[in-house]
Amino acid sequence: MSARKTNILKLYVAGNTPNSMRALKTLRNILETEFRGVYALKVIDVLKNPQLAEEDKILATPTLSKILPPPVRRIIGDLSDRERVLIGLDLLYDELSDSGLTSSLMDALEDADTDGTDS
């Protein structure tokens, strides 16, 4: 198993609105459950720091940005769909890669293609 990469994330919110609080709570739950110790999260209130939102071209809140590892990914919304968040940020793919599941899935797909049982 390879060493896990640290994920650098930014969550842009607009004050303490219900959507902002729900997004933060959901994200912290995901990170503490799945990425304990391998992430850094910065929460940016665009009402207090509008220049940061402008520099990063944030047009809606809440917006979650994965800065590192590349590529940069963004998800807009309350982050209530855990799987969508993980897939959207390429975090689920990394987890599958680390566990070897992607190679197993690729082997299974190749076997299905070569024996003509699928397609």
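Structure: above.
Quick caveat: nothing in here was measured; it's all calculated off a predicted structure. (Residues numbered from 1 in each chain as written. Predicted model: local features only at pLDDT ≥ 70, side-chain atom pairs only at ≥ 80, totals over all residues. Heavy atoms only, no water.)

**Some words on the overall build of the chain**
Here is step 1: Counting its secondary structure elements, the chain contains 5 helices and 4 strands.
Here is step 2: Starting at the N terminus, the α and β elements of the chain follow one another as β-α-β-α-β-β-α-α-α.
Here is step 3: Within the chain, the proportion of its 119 residues that are buried is 29%.
Here is step 4: Put simply, 63% of the contacts in the chain that link residues at least 6 apart link residues at least 24 apart.
Here is step 5: Of the accessible surface of the chain, which amounts to about 7600 Å², a share of 54% is contributed by carbon and sulfur atoms. (Helix = DSSP H or I, 4+ residues; strand = E, 2+ residues; numbered from the N terminus. Buried < 20%, exposed > 50% of the residue type's maximum accessible area, 1.4 Å probe, protein only. Contact = heavy atoms within 4.5 Å. Areas by Shrake-Rupley, 256 points an atom, 1.4 Å probe, with all protein chains shown as cover.)

**Topic: the sheet that holds strand β2 (residues 39-45)**
Here is step 1: In spatial order, the strands read β2-β1-β3-β4; together these 4 strands make up an open sheet with mixed pairing. One side of each edge strand has no neighbouring strand; the edge strands of this open sheet are β2 and β4 (73-76). Across the sheet, the mean angle from the axis of one strand to that of its neighbour is 20°, orientation sign disregarded.
Here is step 2: Taken together, the 4 bridges between strand β3 (residues 63-68) and β4 define a ladder with antiparallel strand orientation. Counted as the bridge partner of Leu64 is Ile75 from β4.
Here is step 3: Contacting β1 (7-13), β2 and β3, helix α1 (residues 18-34) runs over the sheet at an angle of about 175° to β2. (Pairing = 2+ DSSP bridges. Axes fitted to C-alpha atoms, helices over the stretch in contact; angles between N-to-C directions.)

**Let's talk about the pattern of salt bridges**
Here is step 1: The full count for this structure, using the stated rule, is 4 salt bridges.
Here is step 2: Residue Arg22 is joined to Asp78 by a salt bridge in which the shortest nitrogen-to-oxygen separation is 3.1 Å. Residue Arg22 is found in helix α1, and its partner Asp78 is found in the loop between β4 and α3 (82-88); the two are separated by 56 residues along the sequence.
Here is step 3: On the basis of relative accessibility, which here comes to 38%, the residue Arg22 falls in the partly exposed class.
Here is step 4: For Asp78, a relative accessible area of 22% gives the class partly exposed.
Here is step 5: Across the salt bridge formed by Arg36 and Glu32, the nearest N and O atoms sit 3.9 Å from each other. (Salt bridge = Lys/Arg side-chain N within 4 Å of Asp/Glu carboxyl O.)

**Here we look at the pairing of β1**
Here is step 1: Burial of β1 is extensive: 5 of the 7 residues sit out of reach of the surface.
Here is step 2: This β-α-β element, β1 to α1 to β2, shows right-handed connectivity.
Here is step 3: Both β1 and β3 contribute to a ladder of 5 bridges, which runs antiparallel. When the sheet's bridge partners are listed, Leu11 is paired in β3 with Leu64. (Right-handed = clockwise from strand over helix to strand, strands pointing away.)

Function cannot be read off these values alone, since they describe shape.
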